[in-house]
Amino acid sequence: MIQIEIDSGSGFCFGVTTAIKKAEEELSPTPQHLSPNTQHPTPNTQHPTPLLYCLGDIVHNSKEVERLHESGLVTINHEQLADLRDAKVLLRAHGEPPSTYELARRNNIEIIDATCPVVLQLQKRIKRQYDSQPDAQIVIFGKNGHAEVLGLVGQTDGHAIVVENLNDVKQLDFSRDIFLYSQTTKNLDEFHEIIAFIQSHIAPEATFRSFDTICRHVANRMPAIAAFAERHDMILFVSGRKSSNGRVLFNECLRRNPNSHHIESPAEIDLSWLNGVQTIGICGATSTPKWLMEQCRDYILATTSEK
């Protein structure tokens, strides 16, 4: 009989857990309804009167987004936010730039702020650095266009430089001061490689300081998930394909166990994968709900018991 283990360390991080809890509290059976003169944007939704808007997907997992949508949470983008008046909007864990708060103030929008405390602290550090030395190069190791990174760059009025890899780092001006930060969910080893490269190239007259701002919950997932992947015949990695954290963790699973499969739901499980397999490990990203990993386990057990 196939043995299945769900990784106890996988699942929502603190920031995502808090954001979803805040959404559920607002969507409870006794919510404060929106005022009758609320002007709504026009997202695709079957809810005529959304109970709560969320700026961007609350989590990079389509199944969890769908679950909350059924309770009245409607995802909008920044363009739709600009057309919204007199409503409640939840800001997800990734955080937002100052311009979003200013727009909300002008449009009489009540903000439910679920910015992760780790991200919020990072935003404040970058803003203090920029305010004290606006001519220095503030460099952020992160993914261009990622919601968290947009919020970080916003603390510098758009002047921060985003680097995704060593090739980007080579374009920096090493004759000028550099202050290096990282998106909270990036790979710690890559961050250290970037630090070493800058240290070896910075001019003697320039200042270089780096700040390890990677979330330890995320960083510690790498060695843990590597060990988990190595002790099973097959790995099912469950996460949304939009999740940057998911891609990083899945690649680590694949590196440690070539028989690893990235899926979003039980429907994507190919039963031929189970041939010759005795142990299966199910794990996921910081944006993967536990109930979804459990559904994958239950699907396999139900299917194999029928044979």
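Residues numbered from 1 in each chain as written. Predicted model: local features only at pLDDT ≥ 70, side-chain atom pairs only at ≥ 80, totals over all residues. Heavy atoms only, no water.

Glancing now at the sheet that holds strand β4 (residues 88–91). Taken in spatial order, the 4 strands of this open sheet run β3-β2-β4-β5, and their pairing is parallel. Edge positions in the sheet fall to β3 (73–76) and β5 (110–113), since each has one partner strand and no second. Strand-to-strand twist in this sheet, taken as the mean axis angle between neighbours without regard to direction, amounts to 35°. Relative to β3, strand β2 (residues 52–55) runs parallel, the two being bridged by 4 bridges. Its bridge partner lying in β3, Cys54 is registered against Thr75. Its contacts with the sheet put helix α1 (residues 14–26) on β2, β4 and β5, and the angle it makes with β4 is roughly 165°. (Pairing = 2+ DSSP bridges. Helix = DSSP H or I, 4+ residues; strand = E, 2+ residues; numbered from the N terminus. Axes fitted to C-alpha atoms, helices over the stretch in contact; angles between N-to-C directions. Contact = heavy atoms within 4.5 Å.)

It is worth spelling out the side chain of His60 at this point. Inspection of the secondary structure assignment puts His60 in the loop between β2 and α2 (62–69). Judged by its relative accessible area of 17%, His60 falls in the buried class. For His60, the contacting residues outside a window of four places in its chain are Arg92, His94, His146, Gly240, Lys242, Ser243 and Ser287. (Buried < 20%, exposed > 50% of the residue type's maximum accessible area, 1.4 Å probe, protein only.)

This part takes up the pattern of salt bridges. In this structure the tally under the stated criterion is 16 salt bridges. The salt bridge partner of Asp57 is Lys242, with a shortest N-O separation of 3.0 Å. In this pair, Asp57 is assigned in the loop between β2 and α2 and Lys242 in the loop between β10 (234–238) and α11 (244–256), connecting sequence segments 185 residues apart. Take Asp57: its relative accessible area is 19%, and that puts it in the buried class. Between Glu252 and Arg256 there is a salt bridge, with the nearest N and O atoms lying 3.1 Å from each other. With Glu252 and Arg256 both in helix α11 and 4 residues apart, this pair spans about one turn of that helix. (Salt bridge = Lys/Arg side-chain N within 4 Å of Asp/Glu carboxyl O.)

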